[in-house]
Amino acid sequence: MPNFGIVAQSFKMSLQNIKANKMRSFLTMLGIIIGVASVIALITIVQSVSDYVMNQFSDLGAGTLTVSVNGTAMKAGLTSGDLKRLETVDGVEGVSPSMSLSTLVAYEDEVYEEVSVSGRATIYFEKNAERLLYGRMLSDRDMTGESYVCVVDQKFMETVMRGDTVLGNHIRIAGYEYEIVGILSEDESMMSAFMSGGGDGAVIIPYTNVMDVSMVNYVNSVEIYYGTATESSILEDDLSAELDNIFNNAEHAYSILNMESLMEAMSTIEGMMSTMLGGIASIALLVGGIGIMNMMLVSVSERTKEIGLRKALGAEPLRIQLQFLIESVVLSVFGGILGVILGLLIAMVASAALDTTFSLQPNAVLLGLGFSIAVGVIFGWMPAKRASDLNPIDALRSE
Amino acid sequence: MAEEILTMRGITKVYQLGEESSQVLNGIDLTVERGEFLAVLGPSGSGKSTLMNIIGCLDVPTDGEYFLHGRKIAEESQKSLAQIRSKEIGFIFQSFQLLQRQTAFENVELPLIYANMKERDRQERVKEMLTKVGLADKMYHFPNQLSGGQQQRVAIARAIATNPTILLADEPTGALDQKTGAQVMELFHALNDEGRTIIMITHDAKIAAHASRIVRILDGNISEGELEDA
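Just so it is clear, the model here is predicted, and its values are computed rather than measured.

What the domain assignment reports for chain A is domain 1 (4-57 + 264-397), domain 2 (71-97 + 220-252) and domain 3 (99-218). The distance between the C-alpha centroids of domain 1 of chain A and domain 3 of chain A comes to 60 Å.

Overall, the prediction assigns chain B a mean pLDDT of 91, with 97% of residues at 70 or greater. Complex prediction metrics read pTM 0.71 and ipTM 0.92.

Right, let's talk about the interface of chain B and chain A for a bit. Chain B puts 23 residues into the contact, and the matching count from chain A is 26 residues. Counting each side, the surface lost to burial between chain B and chain A is near 2,400 Å², with a carbon and sulfur contribution of 57%. One can count one salt bridge joining chain B with chain A. Between Lys12 of chain A and Glu106 of chain B there is a salt bridge; the shortest N-O distance is 2.6 Å. Those elements giving two or more residues to the side of chain B that touches chain A turn out to be helix 2 (78-88) and helix 3 (104-114) of chain B. Split into classes, the residues belonging to the side of chain B that touches chain A amount to ten nonpolar, seven polar and six charged.

The next point concerns the pairing of strand 7 (residues 166-170) of chain B. Residues and elements named next belong to chain B. Counting buried positions along strand 7 yields five of five residues, so the element is predominantly enclosed. The two faces of strand 7 match: Ile166, Leu168 and Asp170 on one face and Leu167 and Ala169 on the other face are all buried. Of the pairings in the sheet, the one linking strand 6 (residues 89-92) to strand 7 comprises four bridges and is parallel in character. Counterpart to Ile92 in the pairing with strand 7 is Ala169. Inspection of the sheet shows strand 7 paired to strand 8 (residues 197-202) by five bridges, in the parallel sense. Among the inter-strand pairings, Leu167 is bridged to a residue of strand 8, identified as Ile198. With helix 6 (residues 178-193) bridging strand 7 and its parallel neighbour strand 8, the resulting β-α-β unit is right-handed.

Glancing now at the pairing of strand 12 (residues 221-226) of chain A. Residue and element names in this part refer to chain A. A large share of strand 12 lies buried, amounting to six of its six residues. Burial along strand 12 is two-sided: Ser221, Glu223 and Tyr225 facing one way and Val222, Ile224 and Tyr226 facing the other are all buried. Bridge analysis of strand 1 (residues 64-69) against strand 12 gives five bridges, and the strand direction is antiparallel. Residue Ser68 lies in a different strand from strand 12, and its bridge partner there is Ser221. Direction of pairing for strand 2 (residues 92-97) relative to strand 12: antiparallel, over a ladder of five bridges. Across the sheet, Ser96 pairs through a bridge with Glu223, a residue of strand 12.

Calculation notes
Residues numbered from 1 in each chain as written. Chains lettered and ligands numbered in written order. Predicted model: local features only at pLDDT ≥ 70, side-chain atom pairs only at ≥ 80, totals over all residues. Heavy atoms only, no water. Domains from an automatic or database assignment. pLDDT = per-residue confidence, 0-100. Contact = heavy atoms within 4.5 Å. Buried area = accessible area lost by both parts, 1.4 Å probe. Salt bridge = Lys/Arg side-chain N within 4 Å of Asp/Glu carboxyl O. Helix = DSSP H or I, 4+ residues; strand = E, 2+ residues; numbered from the N terminus. Nonpolar A, V, L, I, M, F, W, Y, C, P; charged D, E, K, R; others polar. Buried < 20%, exposed > 50% of the residue type's maximum accessible area, 1.4 Å probe, protein only. Pairing = 2+ DSSP bridges. Right-handed = clockwise from strand over helix to strand, strands pointing away.

Quick look at the structure:
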C-alpha cells in the first residue's frame, strides 16, 4: 500500500543521517559529484564547440556544392560550355566560377598587396544579395568581359577606402581601372576564411574579366547553387556523372565538396564524441556508486539495532528496504545535483576560454540527474535488502 | 470468565548450532487472560528471553501451538509477523531502545506510521499518549535530554500508542534506579487498571511482585507462582 508518510519519514531520516555524518556523506557524494560533473561538462563542451563549428559551416553550407577541378592532361579545366552543361543538371539553380587573381591593387596612388581579388558569376551575387550594404551587385550585363566594375567588401572599405562609402571611385587591378559600384558586408563563412588571405579586404569582379586577364578559357573552381527541395547527395551523384562525361571518366580530374554531407559527418562525429566521453565519465559514476554502496553497508551494520527495533515496532521488511533505498537515492541525487551545478560551471568556464557560446543542454542535465537516481537505486539495493533481511532478534541483541 | 488472549500448548524451541542442538524451551503451557498483569520470573539462561521472543512474535516455536488473540502463530513470513507485532504487541525494553536522533514525539509516532495511521490521527494520538505518561511538556525533547525514567516513559507511550493486545516488557526497570523503577511500576499498575494486559519478563522477584500473577521459568520449564520458595 503506498504510504506517503513512510516516504516522507524516510526522507527526513536520511537527511538526519547525512547531517549526522557530514564528512563521510560528503566524501561518498564526491564520487557522484565528480562523475556527474564530468558527464555534464564534457557533453556540454562538445555540444557547444560543435554548435559553433556547425554554425560557421552552415553560413556557406546550405544550398552550395563546391567543385574543384584538377584537370587532366587533355583538359585543364571547365570551359564556359562545360559550365552550361552543369547548369542543365537537374536541381541546379546556377553555377558560379570562383576564380582568384593574384595581383596588386592600386587605389588613389597607393598600392596594396593584401587585397584578394576574385571573379564570380551573376548567381553568386544573387545568392549573396543580403550582404549588399551600399550600391548595387554585379549582374548579367557585367559578365561580357567589357564591363570594368567591381564590388568591395566592408574590410576593403574600412582599410583601403578609410571608411569612405562613396561609390564611383576607381581602383586599378591588373592594369585596368574598375569602378566601385557596391559595398558588401564581410563574407563570414568558414570557406572564405580558408580561401582569402586578404588582410586588406576583398574585391570581386566579373569572372569573365578574370579569364581575360589570366588569358585562360577555363575555370578550376565552381560553386553549384541548388534549391532547398534538392537532395544534395543525389545532386552530387548527378554532377559526378556529368563531370565524368566532361573529363572522359579520367580519375582524380575533379572533386566535389558537399557541405551538407560534411555537416552530417560532423554531427555523427560529435555524437560519437559525446557517447565516448560520456562513457569514460560514467566510469567515475560507477566508482561513485561503489562508494555509496560501501557507505550504505557501513550504515546498515552501524544501525543494526535500530533496524531490529523498527521491526519489533511493526515495520515490514519492505519498509526497511524502502527506507535504506531512499537514503541511498537521497545521497546520490544530492551528489547529482551538486555535480550538475559543478559540471555546468566547468562548461561555462571552458566555453568562455574556447570563445564558444555556452548553451545549456537540458538533456545533459536530465541525463546527469537520471544517472544519479539510477546509481542510488542500483548501488543502494543490496545494502537495503541486507537491512530488510536482518533477523529482528539478532538485530535487537547486537551492540 | 475472561477472554483468553494468549494460549500456549507444549511450546518447544530448539536451536540448531551446527551438529549440536540445544533445547531452550521444554513444552511450555501458558494461558493469559485479558486484563492480566503477569510476571515471568527467571534467572538468565532460563529461557525467558526465548519465551519473550515467541510471545512477541519475533520468533516462532519449533513445536507446539501458540494462539495470540485467536490467531495461530506459526511459520509465517517476516511480513505477516511484522503486521501481527504492529497490531498485537507493544514492546518495552530494558534499555528503552529510543532512536537518539528523533524527538520523544517522533519516537512515539514510529509504530503508528508502521500501522498506517493517518498523519492527523497520529498527531493527536502521540500527544494523548505522551500526556498520559506525564511528558506533555517534553514532547520535542531528544532522548539525551531526558532522564532514564522519562526515557522509559517515552518507550511506554510508544508501546501503548497502537493500542496493542499485549504490553510485553523485558526487564523494564533493569536500567533504572529504585525510585524511578517504582514510578514505572506505578505507571504499569495504572495501565493495568485501565484493562491493559501486561506480560513482564524479569529476574527480579521484587519487581515481579508488582504483578497480579507470577509464573517462574527455569531451564525451559514453567511453573505457577505458588512455588515461591522453590
